[in-house]
Amino acid sequence: MTETQHKNQCETLKRTLYCVKINEEYVNRTVSVYGWVNKKRELGGLTFIDLRDRDGLLQIVVNEGFPDLQLIKRIGSENVLAVTGKIVLRSNPNPEIYTGKVELIAEHICILSSSETPPFLPESNTDVSEELRFKYRYLDLRNQRMQKNFKIRSHSALNVRNYLHNLGFLDIETPMLSKATPEGARDYLVPSRIYNGRMFALPQSPQLFKQMLMVSGFERYYQIVKCFRDEDLRADRQPEFTQIDIEMSFAEPEELFEITEGLIKEIFSTIGRDIKTGFRIMDYDEAMNKYGSDKPDLRIPFEIRDFSSSVKAFNSNILNSILENKGTIRGLVLPKSSDYSRKVLDNINKYVQDLGGKGAIWIKYGEEGFKSSLKIEPIVIETFYKENNIDKNDIVFLIGDVVEKALFLAGKLREHLGVSFMDKDRLEFLWVVDFPLFFYNPDEKRLDSNHHPFTCPRFEDLDKLDSSPLEVKSSAYDIVLNGIEIGGGSRRINDIKMQQKIFKLLNFTPEEAEEKFGFFLNALKYGAPPHLGIALGLDRIIMLLTGESSIREVIAFPKTTSSLCLLTGSPSAVPARQLHELGIRLENEGKKAHE
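About the thresholds
Residues numbered from 1 in each chain as written. Predicted model: local features only at pLDDT ≥ 70, side-chain atom pairs only at ≥ 80, totals over all residues. Heavy atoms only, no water. Pairing = 2+ DSSP bridges. Helix = DSSP H or I, 4+ residues; strand = E, 2+ residues; numbered from the N terminus. Contact = heavy atoms within 4.5 Å. Axes fitted to C-alpha atoms, helices over the stretch in contact; angles between N-to-C directions. Salt bridge = Lys/Arg side-chain N within 4 Å of Asp/Glu carboxyl O. Buried < 20%, exposed > 50% of the residue type's maximum accessible area, 1.4 Å probe, protein only. Parallel < 35°, antiparallel > 145°, perpendicular 65-115°, else oblique. Left-handed = near helix turned anticlockwise from the far one by under 90°. Nonpolar A, V, L, I, M, F, W, Y, C, P; charged D, E, K, R; others polar.

*Asks:* Could you clarify how one ought to interpret the sheet that holds strand β20 (residues 476-481) in this entry?
*Replies:* The sheet built from eight strands is open, its strands ordered β6-β9-β10-β22-β21-β20-β17-β11 with mixed pairing. Among the strands making up the open sheet, the edge pair consists of β6 (170-171) and β11 (280-283). With five bridges connecting them, strand β17 (residues 429-433) and β20 associate as antiparallel partners. Counted as the bridge partner of valine 433 is tyrosine 477 from β20. With respect to the sheet, helix α6 (residues 207-215) is in contact with β9 (220-228), β10 (240-249) and β22 (531-537), its orientation differing from that of β10 by roughly 20°.

*Asks:* What should I look at first to understand the sheet that holds strand β1 (residues 30-43) in this one?
*Replies:* The mixed closed barrel is built from five strands, whose spatial order is β1-β2-β3-β5-β4. Neighbour to neighbour, the strand axes of the sheet diverge by 55° on average, direction disregarded. Note: strand β3 (residues 57-62) against strand β5 (residues 102-113), two bridges, orientation parallel. From the neighbouring strand, isoleucine 60 faces β5, where its bridge partner is leucine 104.

*Asks:* Looking at this model, I keep getting lost on the pattern of salt bridges. Mind explaining?
*Replies:* In the structure shown here, the tally under the stated rule is 42 salt bridges. The partner of aspartate 50 in a salt bridge is arginine 41, with the nearest N and O atoms 3.3 Å apart. A relative accessible area of 31% places arginine 41 in the partly exposed class. A salt bridge links glutamate 252 to arginine 491, with the nearest nitrogen and oxygen atoms 2.9 Å apart. One end of the pair, glutamate 252, is in the loop between β10 and α7 (253-268); the other, arginine 491, is in strand β21 (residues 484-491), and 239 residues separate them in sequence. On the accessibility criterion, arginine 491 (12% relative accessible area) is buried.

*Asks:* Just to check I follow, could you spell out the packing of helix α10 (residues 342-354) against helix α12 (residues 403-418) for this structure?
*Replies:* The geometry of a pair of packed helices is captured by two quantities: the angle between their axes and the separation between those axes. Remark: α10 packs on α12, axes separated minimally by 10 Å, with the N-to-C direction vectors making an angle of 135°. Classified by the angle their axes make, α10 and α12 are oblique. Relative to α12, α10 is oriented so that their crossing is right-handed. Touching Ile348, Tyr351 and Val352 of α10 are Leu409, Lys412, Leu413, His416 and Leu417, all from α12. Residue classes in the contact of α10 with α12 are distributed as six nonpolar, one polar and one charged.

*Asks:* Looking at this model, I keep getting lost on unusual backbone geometry. Mind explaining?
*Replies:* Leaving glycine out, the prevailing phi sign among residues is negative, and the prevailing peptide bond configuration is trans. Each neighbour pair has its own omega, and for serine 570 with proline 571 the value is 5°, a cis peptide bond. Relative to the helices and strands, proline 571 is located in the loop between α15 (538-546) and α16 (576-581). Positive phi values are uncommon outside glycine, yet glutamate 219 reaches one of about 70°. Secondary-structure assignment places glutamate 219 in the loop between α6 and β9. Not every positive phi belongs to a glycine, and aspartate 434 is a case in point at roughly 60°. By the element assignment, aspartate 434 lies in the loop between β17 and β18 (438-441). Accessibility expressed as a relative area gives 23% for aspartate 434, which makes it partly exposed.

All quantities given are derived from atomic positions and should not be read as evidence of function.
Written as structure tokens, this is what we have:
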């Protein structure tokens with residue numbers, strides 16, 4: 001067959017079905033399949049090719065009688081093939097793949113595209129550095145695990161749209177080019193060519209636009225939207241991310257909770273998990289006191305306990321000194337862990353010290369009776385165990401410090417030690433509510449918003465706004481799954497006087513408030529309905545849905561932890577001519593010109 005005849009025959013091929021659909025029902029039928037060469041191996045006079053398409057693998061068999069054996073020799077890894085042939089039963093079935101009971105006897109093969117030797121094979125991408133995977137992301141994404149992740153993501157997004165559409169929510173797009181506003185992270189700025197010296201900002205969230213859509217009378221809005229935050233480097237954050245954004249008028253938080261839980265149930269149905277709604281609700285203070293975190297992992301079967309009163313009986317100078325300085329003694333009781341070795345206990349102590357604590361005091365029962373890292377009489381420890389209903393097979397860890405730090409350290413230690421006690425297959429959802437409206441920013445010596453400045457104070461705390469603003473709770477709520485915050489929202493301020501008051505408490509002058517938010521304040525003058533909303537992190541949800549440990553595994557083209565795109569080489573330098581058009585001169589270039 002000439003090359004022209006081969007090309008013509010290739011062009012007449014048409015896929016019959018995807019590889020994964022082929023089973024025993026297709027035996028003795030002739031089919032055409034397309035895909036990439038996952039693996040090629042020769043055995044005697046036979047050549048075996050594992051063909052991979054987006055759905056799965058199918059074994060192709062090339063017999064000695066194949067009309068063009070020279071073509072077979074040219075086939076390499078990641079070549080793109082079109083193959084036509086008859087489906088037969090395999091003599092040695094492979095239970096690892098769906099098509100493992102059948103194979104295709106090739107009658108015609110067309111090389112649609114050849115491939116250089118790849119820097120790594122997609123099927124073994126877990127053995128490859130993240131940097132190499134991201135540089136050749138198009139190869140990395142051919143891996144079957146990655147293909148599955150993005151199918152789940154696509155199906156989940158469709159379920160979200162269908163669910164919210166059926167509840168009367170409208171999908172409305174908001175601008176990508178907007179005004180820079182302070183929302184807790186730095187904006188990505190976009191310079192204007194037409195208006196030199198002026199900047200657009202990419203949205204950190206559609207917050208003000210979705211609130212103005214409520215003022216516009218749409219009542220129920222949603223959007224699956226890209227957001228951008230120029231944050232400091234963090235292990236599992238991305239400068240651009242996707243959220244499910246929801247806003248609704250004339251509703252109470254309970255109604256939004258019900259809708260959100262139904263949405264979560266719908267998303268998890270994508271992988272066949274049936275989620276029981278009616279998630280637990282816990283206020284912020286309880287979460288901090290019991291778990292040392294506002295996003296506790298409820299799979300861990302123990303809580304932080306306050307032993308401040310009990311440890312006075314130890315008559316320890318160390319503990320007494322902490323208490324006398326208005327500190328607290330918090331502890332963890334680890335079930336059935338009295339066999340922890342001294343090395344393990346020392347490592348736990350070091351873990352707390354590495355977090356900035358003084359260390360963790362341990363108490364346990366062993367072959368020699370009760371003992372501790374403090375000098376405490378065994379009989380005193382035995383009494384402590386009895387009075388606090390602690391089993392002698394349990395270890396107690398004590399952490400002493402000022403309340404906020406002790407809770408933080410105990411919370412981190414709980415997460416660190418709890419991994420070996422939890423059921424990793426469980427899904428523990430939680431609503432955390434009644435966050436403080438403000439926190440004190442010691443660097444700038446002023447109040448800051450805990451969520452954002454458009455969050456409504458809890459109605460029963462309004463009388464404290466002037467006298468005790470740090471005691472005011474907000475009508476804000478986060479939704480947490482297995483210790484990971486997957487969403488957050490609040491009741492919004494819909495009264496201009498209240499919004500101006502909050503701005504004033506945040507140390508905005510009237511002029512600053514007008515400059516930054518004048519357009520929004522103006523909207524509040526024209527009949528803003530009571531409204532609330534929530535934003536759910538789609539990337540985080542899909543990460544949990546697929547069992548991945550990083551959101552980068554569910555984002556098609558992610559950035560590295562240092563915010564670089566290794567695939568495209570961005571961010572990159574911009575030609576001087578383009579900068580000149582924008583009215584921008586780089587500081588270093590200016591210095592060079594001056595020199």
